[in-house]
Protein chains: 2
Amino acid sequence: MSNTEDPPPKEDVESPATENPTPVETGTGFGGASITRRWRREDLLKRGSLALRGLALLFSLLAFIIMASNKHGDWKNFDKYEEYRYLLAIAILSTLYSGAQVLRQVHELSTGKQLLEKRTSAMVDFFGDQFVAYLLVSSASSAVPLTNRMREGTDNIFTDSSAAAISMGFFAFISLALSALISGYKLSTQSYI
Amino acid sequence: MSNTEDPPPKEDVESPATENPTPVETGTGFGGASITRRWRREDLLKRGSLALRGLALLFSLLAFIIMASNKHGDWKNFDKYEEYRYLLAIAILSTLYSGAQVLRQVHELSTGKQLLEKRTSAMVDFFGDQFVAYLLVSSASSAVPLTNRMREGTDNIFTDSSAAAISMGFFAFISLALSALISGYKLSTQSYI
């Protein structure tokens, strides 16, 4: 009957968010165009935050690997210095955190199902990103002066690897800090009184 | 008979919403109680963020004063060490930032006028708090290992003052990080599509 003709127009929009239109907006009196715009922006934000978390995962994994393999005997072992041990610990933590977030986001994008309730996940994102970003900037900052001082005396593979790991830590921090801003923005687009 | 005993239980309910039913809310489905609750919460948040910024101002001013007066001749001058100079610079910046924010908020609370548009000020708060918090945690973290190493050898007024300034820096960081969370929450309670 006429019921069979209804689906096609809906499919033409091709916005992935139309698959689960949140029932909250229907009564608020905003036009369809603004809602589509909002969905497109949310989709962009979702992909942006996934990309940033992916970068954070890559950089913290690199920091972890470079620092963990930074053992060249004698005084050139990373585990002789508390700053480097701190950096390694935080790199591991950040790898686990951003890995888990990337897995969750990829799972949500591919299946369309939310693992956590939407508001809970926005909160977790916002707090988690900020917290891990603080830890990353703290560990990278604490390792900089030691490396600077070593490099004044001598420049070898140990100091170079340390500098590389620190840089990766900073890059991971920048990715997560930007991701925290996006999470804050996402939190702000949810309407609840 | 038994009819005269019925009315009293109805009056005992004393629901406050029946006294002034505002005609505005009848269409939207929210009760007057929830709006009052929201106003009260916003007021609480405003005071909380003012208090946190006041604490940040106090702590960063203390960090600034303690570090700037930390000159005891010979190697015991703070300006011989880049970590301490960094901490001092960030303490000054954080003092200026939180001082300006406190002045603005006090002005807004006392006059009731907004210096900036509400959305702009929420954005400035959110980005500014986070940025200064990152700087504070970075500078305090970078100064910790140097102080630790000095205190292994000797414990004197110079290392003690440095440790005190670093602690003040961390306290200022915690205040601003909490304030950033409140700013994020404030941003989230504004509804715009």
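Given the structure is predicted, the values throughout are model-derived calculations rather than measurements.

Peer 1: So what's going on with the UniProt feature "domain: Casparian strip membrane protein" (unreviewed entry) in chain A? Residues and values would help.
Peer 2: UniProt records the feature "domain: Casparian strip membrane protein" (unreviewed entry) for residues 45-174 of chain A in the present numbering. For residues 45-174 of chain A, helix accounts for 83% and strand for 0%, while the C-alpha atoms at its two ends are 17 Å apart.

Peer 1: Could you give an account of unusual backbone geometry, naming the residues involved and the relevant values?
Peer 2: Residues and elements named next belong to chain A. Notably, D74 is not glycine yet its phi reads approximately 60°, a positive angle. By the element assignment, D74 lies in the loop between α2 (32-68) and α3 (82-111). Taking relative accessible area as the criterion, D74 reaches 62% and is therefore assigned exposed.

Peer 1: Tell me about the packing of aromatic side chains, residues and numbers included.
Peer 2: All told, the structure shown has 16 aromatic pairs over all chains when counted by the stated rule. Both rings, one in F173 of chain A and one in Y134 of chain B, keep their centres 4.9 Å apart while their planes meet at 80°; by these two values the pair is edge-to-face. One end of the pair, F173 of chain A, is in helix α5 (residues 157-189); the other, Y134 of chain B, is in helix α5 (residues 118-153), on a second chain. There is no split in this pair, since F173 of chain A and Y134 of chain B are both buried. Every member of this aromatic cluster is reached through a ring pair, and the members are W75, Y81, Y84 and F158 of chain A.

Peer 1: Which residues make up the UniProt feature "transmembrane region" (unreviewed entry) in chain A, and what values go with them?
Peer 2: Residues and elements named next belong to chain A. Sequence positions flagged by UniProt for "transmembrane region" (unreviewed entry) are, in local numbering, residues 50-69, 84-103, 124-144 and 164-185. Structurally, residues 50-69 comprises 95% helix and 0% strand, and the distance from its first C-alpha atom to its last is 28 Å. Counting secondary structure, residues 84-103 comes out at 100% helix and 0% strand; the distance between its end C-alpha atoms is 28 Å.

Peer 1: Provide a residue-level description of the packing of helix α3 (residues 32-68) of chain B against helix α4 (residues 82-111) of chain B, including the pertinent values.
Peer 2: Residue and element names in this part refer to chain B. Where α3 meets α4, the axes come as close as 8 Å, and the angle between the chain directions of the two elements is 150°. Judged by the inter-axis angle, α3 sits roughly antiparallel to α4. Here the hand of the crossing between α3 and α4 comes out left-handed. Class assignment of the residues belonging to the contact of α3 with α4 gives a composition of 16 nonpolar, nine polar and two charged.

Peer 1: Give a detailed account of the relation of the copies chain B and chain A, specifying residues and quantitative values.
Peer 2: These two copies of the chain differ by a rotation about an axis and a displacement along the same axis. Superposition of chain B onto chain A requires a rotation of 180° combined with a translation of 0.0 Å along the rotation axis, giving an RMSD of 0.2 Å. Those values place the two copies in the arrangement expected of a two-fold rotation axis. When the interface residues of chain B are mapped onto chain A, 100% of them again fall at the interface, so both copies present the same face.

Peer 1: Tell me about the interface of chain B and chain A, and please be specific about residues and values.
Peer 2: Accessible area lost on assembly of the parts is the figure often given for the size of an interface. Each partner contributes to the interface: chain B provides 28 residues, whereas chain A provides 29 residues. Here chain B and chain A share two salt bridges between them. Residue R149 of chain A is joined to E83 of chain B by a salt bridge in which the shortest nitrogen-to-oxygen separation is 3.1 Å. Mapped onto the side of chain B that touches chain A, the elements with two or more residues apiece are α3, α4, α5 and α6 (157-189) of chain B. Among the elements that make up the side of chain B that touches chain A, the one with the highest residue count is α5 of chain B (13 residues). Its residues assigned to classes, the side of chain B that touches chain A comprises 15 nonpolar, eight polar and five charged.

Peer 1: So what's going on with the environment of T154 of chain A? Residues and values would help.
Peer 2: Residues and elements named next belong to chain A. Tracing the chain through its elements places T154 in the loop between α4 (118-153) and α5. Separated by 80 residues in sequence, T154 and D74 place their C-alpha atoms 15 Å apart. Ignoring any residue separated from it by four or fewer positions in sequence, one finds T154 in contact with W75 and T159.

Rules behind the numbers
Residues numbered from 1 in each chain as written. Chains lettered and ligands numbered in written order. Predicted model: local features only at pLDDT ≥ 70, side-chain atom pairs only at ≥ 80, totals over all residues. Heavy atoms only, no water. UniProt positions renumbered as here; feature names shortened; annotations may be inferred. Helix = DSSP H or I, 4+ residues; strand = E, 2+ residues; numbered from the N terminus. Buried < 20%, exposed > 50% of the residue type's maximum accessible area, 1.4 Å probe, protein only. Phe/Tyr/Trp six-rings, centres within 6.5 Å; stacked < 30°, edge-to-face > 60°. Axes fitted to C-alpha atoms, helices over the stretch in contact; angles between N-to-C directions. Parallel < 35°, antiparallel > 145°, perpendicular 65-115°, else oblique. Left-handed = near helix turned anticlockwise from the far one by under 90°. Nonpolar A, V, L, I, M, F, W, Y, C, P; charged D, E, K, R; others polar. Least-squares fit on C-alpha atoms with pLDDT ≥ 70 in both. Contact = heavy atoms within 4.5 Å. Salt bridge = Lys/Arg side-chain N within 4 Å of Asp/Glu carboxyl O.

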